[in-house]
Amino acid sequence: MSEARKRLLNPHTADNSISDRAYFGPEGVAMLAASDGVTTSDAEHFDLRTRVARIGYFRIQSILTTSLNVSLATDHYDAPDKVRFTFVREGRLEIDQRGRHVVLTPGDAVIGFDTVPTQIHLPERTRYVTITVDRELLFPAGLAQEKQMRYIRRDELFNGATASFFEALLRPAAFPLAPVDELRVSRTITKMLNEVFVATLPSQDSVATRRAEERAVVRGYIGAHFTRPDLSVSSIAAHYGMSPRSLQRLYSDYGENVSNVIRKRRLEHAVSMLMDRRFDDVSIDDVAIRSGFAGANQLRRVMNQVMDQTPTQLRAVHGGRDEDAESASD
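The notes below deal with the structure included here. Values in this document were obtained by computation on a predicted structure and should not be read as measured data. (Residues numbered from 1 in each chain as written. Predicted model: local features only at pLDDT ≥ 70, side-chain atom pairs only at ≥ 80, totals over all residues. Heavy atoms only, no water.)

### Regarding the overall build of the protein chain
Within the protein chain one finds 13 helices and 12 strands. Across the 330 residues that make up the protein chain, the buried fraction comes to 44%. Pairs at least 24 apart in sequence give 69% of the contacts found in the protein chain among residues at least 6 apart. Carbon and sulfur atoms provide 51% of the accessible area of the protein chain, an area that totals close to 16,600 Å². (Helix = DSSP H or I, 4+ residues; strand = E, 2+ residues; numbered from the N terminus. Buried < 20%, exposed > 50% of the residue type's maximum accessible area, 1.4 Å probe, protein only. Contact = heavy atoms within 4.5 Å. Areas by Shrake-Rupley, 256 points an atom, 1.4 Å probe, with all protein chains shown as cover.)

Laid out in C-alpha cells, this is it:
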C-alpha cells in the first residue's frame, strides 16, 4: 500500500473533531459570546449544552437549552458569508431576521445567514441541530445570493431524514474520521444541504420536479418493503420524518393515494406468483402472505375489486392447479 493511501485510511492524520460543551450562568454566556458571538439578556438562568463536530468545512451542532432570548452578532465571523441550517427536534424556536418572524416546531427547518442580524427566542426547553458552512463553499453556482431567511415546513420529505442523519453522525465513537471518510461524509453533507435548499425555491417547475422525485423515493421504499404486513401510510411517514397527511398530499396532488400504491404493488406481486407455474405448489394463503396481504381472504377481496377475478380463477386460466381448498374456505 502506498504512503498516500495509508494516510487516507489513517484517522490520526485527519483534521476533524467532536466535543461536548456546557455553558451555565454569566460565565457560560461570556464563553459563548467569545466563541460564537451569541449574547443574551438572561444570563442568570442560562443553561445550554451542545455537542460540536467539525468535518471539513462544516460545523455541526446538536444543542439543548432552557428557555431564553439570544442575539447573533453580525461582525463575529471572519468569513463574510456563512449559511446556517437549523432543524428543530424538540420544543419551539422563534426567529426574527430582516423583519420576518418564523416559528419552528419539531420537524421544521430554516436556512439563515450569520451576517444578517438575528434574534432568537426559545420559550421552552428546546433541542435543535445546526450546520454552519461558508456560503460560497456550499453554493458554488451562486445560489442564495439574496440572503433571505428560508423556512422549510415539516412536511418536506427530506427534513426529518436530514436531521436524523446529522444526529446519527454526532457520535463520539465515530471520531476521528479517516481522511477518506471525512471526504465522503463532506460530499454527502453538501448534497443533502443543497437538496434542502432546493426545496425552498419558489419555481413551480422546481416544486413539481421535486414532488415527482419525492414520489419516486417513496415508491422505491414501497417496492423494497411491500411484503411487510405492517407497511402503512403511518410507517412510511415515520420513516421519512413527516406526517401521514403530508405524505398523502404528495400523491393526492397527483390523483393517487399511498394506500393504493401499496395495495397495487402487493397485487402485482401476488398476480405474478399466481401466473408463474413454478409457484403452483404454493397455497393461495402463502401467496397472499408473501405479497404483504394479511391472508387469502384479503387477497381475494382485492382481486375481486380490481380484476373481478379470484386467485383460483386466475391460476386456472394460466394452467395452474385448481385449489379445492380455496373454494371450500369461501
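The structure having been displayed, the exposition proceeds.
### Things to note about unusual backbone geometry
Trans is the prevailing form of peptide bonds, just as negative phi is the prevailing case for residues other than glycine. Residue Phe175 is joined to Pro176 through a cis peptide bond whose omega torsion reads 0 degrees. Relative to the elements of secondary structure, Pro176 occurs in the loop between α4 (157-169) and α5 (179-198). At Asp308, a position not held by glycine, the phi torsion is positive, near 55 degrees. Topologically, Asp308 is positioned in the loop between α11 (296-307) and α12 (311-317).

### Considerations on the nonpolar core
Counting 25 residues, the largest nonpolar core has Ile60, Phe85, Ile131, Phe166 and Ile189 as its most contacted members. Looking at this core, the elements that each hand over two or more residues are β3 (47-55), β4 (58-65), β6 (82-90), β9 (109-113), β11 (126-134), α4 and α5. A total of 5 residues in this core trace back to one element, the largest contributor, which is α5. Setting aside residues no more than four positions away along its own chain, Ile60 makes contact with Arg51, Val52, Ala53, Ile55, Thr130, Ile131, Phe166, Leu169, Leu170 and Ile189. In this structure, Ile63, Leu93, Tyr128 and Met149 belong to the second largest nonpolar core, which totals 18 residues. (Core = buried A, V, L, I, M, F, W, Y, C linked by side-chain atoms within 4.5 Å.)

### What to know about helix α8 (residues 244-252)
Inspection of α8 places Ser246, Leu247, Leu250 and Tyr251 among the buried residues, and these make up the whole buried set. Projection of α8 onto a plane perpendicular to its axis shows the buried side chains occupying an angular sector of 145 degrees, all on one side. (Arc of directions from axis to C-beta.)

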